[in-house]
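One-letter residues, chain by chain:
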Amino acid sequence: MSCTGDGMNRTATLENSALDANRSAGSPVTEPCTVVLFGASGDLAKRKVIPAMYDLATHNSLGPRYAIVGFSRTAMSDESFRGASAEAAKSISEVGPIDPKKWEEFASNLYYQAGEYGNPDDFAKLAKRLEDLSAEKTLRGNRLFYLSTPPEVYPHIVEQLGRAGLAKSASPDSWIRIIIEKPFGRDLASAKELNNIVLSVFDEKQVYRIDHYLGKDTVRDGRRLARHDPEPRAATYVAGGRRASGAIRRHRGSQ
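Below is a summary of the structure that appears in this document. (Residues numbered from 1 in each chain as written. Predicted model: local features only at pLDDT ≥ 70, side-chain atom pairs only at ≥ 80, totals over all residues. Heavy atoms only, no water.)

### Describing the overall build of the chain
Short version of the rule: Starting at the N terminus, helices and strands are each numbered in turn, a helix being any DSSP run of H or I of at least four residues and a strand any DSSP run of E of at least two. Accessible area is worked out with a 1.4 Å probe on protein chains only. A residue is then buried under 20% of its type maximum, exposed over 50%, and partly exposed in between. In this analysis, two residues are considered to be in contact whenever any of their non-hydrogen atoms come within 4.5 Å of each other. All accessibility values rest on the Shrake-Rupley procedure with a 1.4 Å probe; residue burial counts only the protein chains present in the view.
What the chain contains, in helices and strands, is eight helices and eight strands. Considering the chain as a whole, with its 255 residues, one finds that 47% of them fall into the buried category. A sequence separation of at least 24 residues applies to 77% of the contacts in the chain between residues at least 6 apart. When the accessible surface of the chain is totalled, it reaches about 13000 Å², and 49% of it is carbon and sulfur.

This is the structure we're talking about:
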């Protein structure tokens, strides 16, 4: 994929969180889904997250059918959101040159819903919009929530998702997942507090946390190890109060 740096981290996180349990290594995602991007009018969404989704789409990694619904306080129509996203992708994204034809196809799947992060009525409207899109595009109720907002509103979003009935799958054949952007808390105490709020609404298996600054030493050590050891090794690190494990594998040309 063409993303680099933080863009690559987000592309990988988005792809991994959307994988079906039966997906074979290297094959495209086969499950349709809706991605709900909170903070959609912000710089992070425009510069990194939406371009990363475009990159996934061009590599057939968002599934055969998908919808991306932006949610933020700023009032916008679907068309305005598509236009603003296109302008940002062309001018400030880190994905690289945008193919106009591929972007047009991608942008046709962009939608927008304005609302306040702590307003139950706005989340009820969001739930109705997601239900309608799922039926219209046959998305099977699969949903990925991505929190690209200031950290202080994370608890409000999580709690409102729970109250609106959006945190649990409607059927055993569908899935719900949530990605929470860095920073995941200011320190251990605040990270634990946020973690308790998240896990009061979502199950642990539904949650992905991005805090790659805390994982930088692990990645750097892993790359160093990969140049000298052909066997996979387990690497464990603590990111935002959560212990995570991953396999480090040797790749030719790793730098």
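### Let's talk about the side chain of N109
How we decide: The definition of a polar contact used here is a pair of N or O atoms within 3.5 Å, where within protein one atom must be able to donate a hydrogen and the other to accept one, and adjacent residues in sequence count solely through side-chain atom pairs.
Within the fold, N109 resides in the loop between α4 (100-107) and β3 (110-114). Taking the relative accessible area as the measure of exposure, N109 reaches 11% and is therefore buried. For N109, the side chain forms a polar contact with the main-chain oxygen of E105, separated by 3.1 Å. Once you skip the residues sitting within four places of it in the chain, N109 turns out to touch Y66, A67, I68 and K137.

### Side note on the pattern of salt bridges
This is how the line gets drawn: Definition used for salt bridges: Asp or Glu carboxyl oxygen within 4 Å of a side-chain nitrogen of Lys or Arg.
If you walk through the whole model with that rule in mind, you get eight salt bridges. A salt bridge links R140 to E31; the nearest nitrogen and oxygen atoms lie 3.9 Å apart. Taken together, the positions of R140 in the loop between α5 (120-137) and β4 (143-147) and E31 in the loop between α1 (6-17) and β1 (33-38) put the pair 109 residues apart, joining distant regions of the chain. Given a relative accessible area of 12%, E31 falls into the buried group. Between R47 and D43 there is a salt bridge, with its nearest N and O atoms 3.1 Å apart. You can see R47 and its partner D43 sitting in helix α2 (residues 43-58), four residues apart, about one turn around the helix.

### Re the packing of aromatic side chains
Heads up, the condition is: Only rings of Phe, Tyr and Trp enter the pairing, Trp through its six-membered ring, and a pair is recorded when the two centres are within 6.5 Å. The plane angle decides the type: under 30 degrees is stacked, over 60 is edge-to-face, the rest tilted. For a Lys NZ or an Arg CZ to count as sitting over a ring, it must be within 6 Å of the ring centre and within 35 degrees of the ring normal.
Counted according to the given criterion, the structure contains ten aromatic pairs. Through successive ring pairs, a cluster of aromatic residues spans F38, F71, Y117, F123 and F145. When the ring centre of W175 is taken as origin, the NZ or CZ atom of R177, which lies over that ring, is 4.7 Å away.

### Quick look at the nonpolar core
As a reminder of what qualifies: Grouping buried Ala, Val, Leu, Ile, Met, Phe, Trp, Tyr and Cys residues that are joined through side-chain atoms within 4.5 Å yields what is termed a nonpolar core.
Counting residues in each nonpolar core, the largest one holds 33 residues, and the members touching the most others are F38, L126, F145, L161, I178 and F202. Of all the elements in the fold, those that place two or more residues in this core are β1, β2 (66-72), α5, β4, α6 (154-163), β5 (176-180) and α7 (188-199). Ranked by residues supplied to this core, first place goes to α5 with five residues. Those residues in contact with F202 that lie beyond four places of it in its chain are F145, V158, L161, A167, K168, I176, I178 and V207. Counting 28 residues, the second largest nonpolar core, distinct from the first, contains L37, A40, Y112 and Y146.

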